[in-house]
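# Reading the structure
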Amino acid sequence: MERRNPANLDEVVAVAPLSTRAEVREAVAAAKAAFPAWRDTTAPARGRIIAKAAALMTEQKDEAARILTREEGKTFKESLVEVQRAINNLEFMSGEGLRLAGQTLPSEQPRTLAYTIKQPLGVVSAITPWNFPVAIPVWKTAPALVTGNTMVLKPAGLTPLSAIKMVEIFTQAGVPAGVLNLVLGDGKDVGDELVQHPDVHAISFTGSNEVGGLIYAAGARKMKKCQCEMGGKNPIVVLADADLKLSVESAASGAFGSSGQRCTATSRVVVEDKVADEFVSMLVARAKEFRAGDGFDENTSVGPLVDENQLETVLRYIEIGKKEAKLLLGGSRVIGGAFDRGLFVAPTVFDHVKWDSTIAQEEIFGPVLSVIRVPDFEEALRVANSVKYGLSSSVYTNDAAKMLAFIDRIETGMTHVNSATVWSEAHVPFGGVKGTGVGLRELGCVAIDFYTELKSVYIDYSARKQ
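Residues numbered from 1 in each chain as written. Predicted model: local features only at pLDDT ≥ 70, side-chain atom pairs only at ≥ 80, totals over all residues. Heavy atoms only, no water.

### Remarks on the environment of alanine 401
- Looking at the secondary structure, you find alanine 401 in helix H15 (residues 400-409).
- Classification of alanine 401 as exposed rests on a relative accessible area of 55%.
- Alanine 401 sits 118 residues away from leucine 283 along the chain, and the two C-alpha atoms are 27 Å apart. (Helix = DSSP H or I, 4+ residues; strand = E, 2+ residues; numbered from the N terminus. Buried < 20%, exposed > 50% of the residue type's maximum accessible area, 1.4 Å probe, protein only.)

Right, dumping it as structure tokens:
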């Protein structure tokens, strides 16, 4: 498989092998063979290896970020932030080797000790996307390994080098052969083999709703644990008392950063009529400052889309938007000179978008922002909840009552007050509700729950039948 730089299609970044179903089965067999020894390695020792991986990734941060920018397209600054997020997760998860605890519980019977322990599943698999090709594989791999599982990782075919670099770092840190295995290929063969294989006990997936639904259904038929994080259509709600400068900055960076190619991207702004004109004027002015270009150019703030298919998808939605709403900015591919060899779309702003229109309801995954005007807070909340997705949200207000009401009633797995929809931290659970997520959450202490089984233990030391 040939991979080209989306900022310059003349540059071949990688030629990667495509794994066959037979090779996937070999990887699963290797993971199964390595499991007993890795399971019996103490959890603190496993944690020290994860900590070593964090140190090595810190040393190799620039190299990993450069690989990421060349094959995925995001700016070098954004790539550095992503690698740092991976490092933060490794640092946090290394400590789980010392916190892998159950509970000691009182028994109804005398002289009986009741407690729980968390045990690994065995061989697990991770299927990861191209938009965060370092951070997401890391935040699946680290909890899987620290809890004693072995893994087969299938990254997105568009970003093989980032996954290879990550696995190399784990290997350098001391992860034994067979514990972490990498296979490259498409979902139809490689992904399906991982879902169907009887020795794979759990599947952690991040990607589209269509594929996630198929994996979750297939996993249920095979009695496998499944965890699927999928799409988002995340709103920023701007109320009349909001700090408009702050909300504009968050809306623009959330919509156009990473070229809008992230599940937590700000896709909709729901703004009260009283401040809508002023907000939109400020938003357009700020959006004009975002400059498309190669991610290694320090002046670039919006990199290319990842490939031709994504470019076509975004441009198709923009054409739909032109028929549904008022185009204020952008709305086309960036062409001319060096841009002709890249996959660039101008930051795009639509105003007077109807809440139930196509561009307000469907995930675009590009630098496109829809402004929806509403009369009051209640309508803002209704519109914010009107989509099938439920990942992230944000409200900008200084009204404590509305702030708390929003937190109580917004239908998202994560919400922010006076900060952007895109922010998340390694020690805080990550995930969505409704059509966005099924299964247990990622990140934080709760991440280990997906990769472990809980066993209840009773020790009767009464020396008599009870």
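### Some points on the pattern of salt bridges
- Taken as a whole and judged by the stated rule, the model has 23 salt bridges.
- A salt bridge links aspartate 277 to arginine 373; the nearest nitrogen and oxygen atoms lie 2.7 Å apart. Pair noted here: aspartate 277 is in helix H11 (residues 273-287) and arginine 373 is in strand E14 (residues 368-374), with a separation of 96 residues, a long-range link.
- Look at aspartate 277 and you get exposed, because its relative accessible area is 56%.
- Exposure remark for arginine 373: the relative accessible area of 22% places this residue in the partly exposed category.
- Sharing partners across several salt bridges, the network here consists of Arg21, Arg25, Asp189, Asp192 and Glu193. (Salt bridge = Lys/Arg side-chain N within 4 Å of Asp/Glu carboxyl O.)

### Remarks on the sheet that holds strand E6 (residues 150-154)
- The strand order E7-E6-E5-E8-E9-E17 describes an open sheet built from six strands, whose pairing is mixed. This sheet does not close on itself; its edge strands, each paired only once, are strand E7 (180-182) and strand E17 (437-438).
- As defined by bridge partners, strand E8 (residues 200-206) adjoins strand E9 (residues 225-229) across five bridges and the pair is classed as parallel. Paired with threonine 206 across the two strands is glutamate 229, which belongs to E9. (Pairing = 2+ DSSP bridges.)

### Some thoughts on the pairing of strand E2 (residues 8-15)
- As paired elements, strand E1 (residues 2-5) and E2 share four bridges and run antiparallel to each other. Across the sheet, glutamate 2 pairs through a bridge with valine 15, a residue of E2.
- Where E1 folds back on E2, the antiparallel hairpin that results is connected by two residues.

### Considering the sheet that holds strand E10 (residues 234-238)
- Read across the sheet, seven strands follow the order E12-E13-E14-E11-E10-E15-E16 without closing on themselves; strand pairing throughout is mixed. With partners counted over all chains shown, the strands left at the sheet margins are strand E12 (326-329) and strand E16 (414-417), one partner each. On average, adjacent strands in this sheet sit at an angle of 20 degrees to one another, irrespective of strand direction.
- Bridging between strand E15 (residues 392-396) and E16 involves four bridges; their strand directions are parallel. Its bridge partner being in E16, serine 392 is matched across the sheet by methionine 414.
- Against the sheet, helix H10 (residues 244-256) contacts E10, strand E11 (266-272), strand E13 (348-351), E14 and E15, and its axis sits at roughly 155 degrees relative to E11.
- Contacts between H15 and the sheet are confined to E10, E15 and E16, with E16 contributing the most and set at about 170 degrees to the helix. (Axes fitted to C-alpha atoms, helices over the stretch in contact; angles between N-to-C directions. Contact = heavy atoms within 4.5 Å.)

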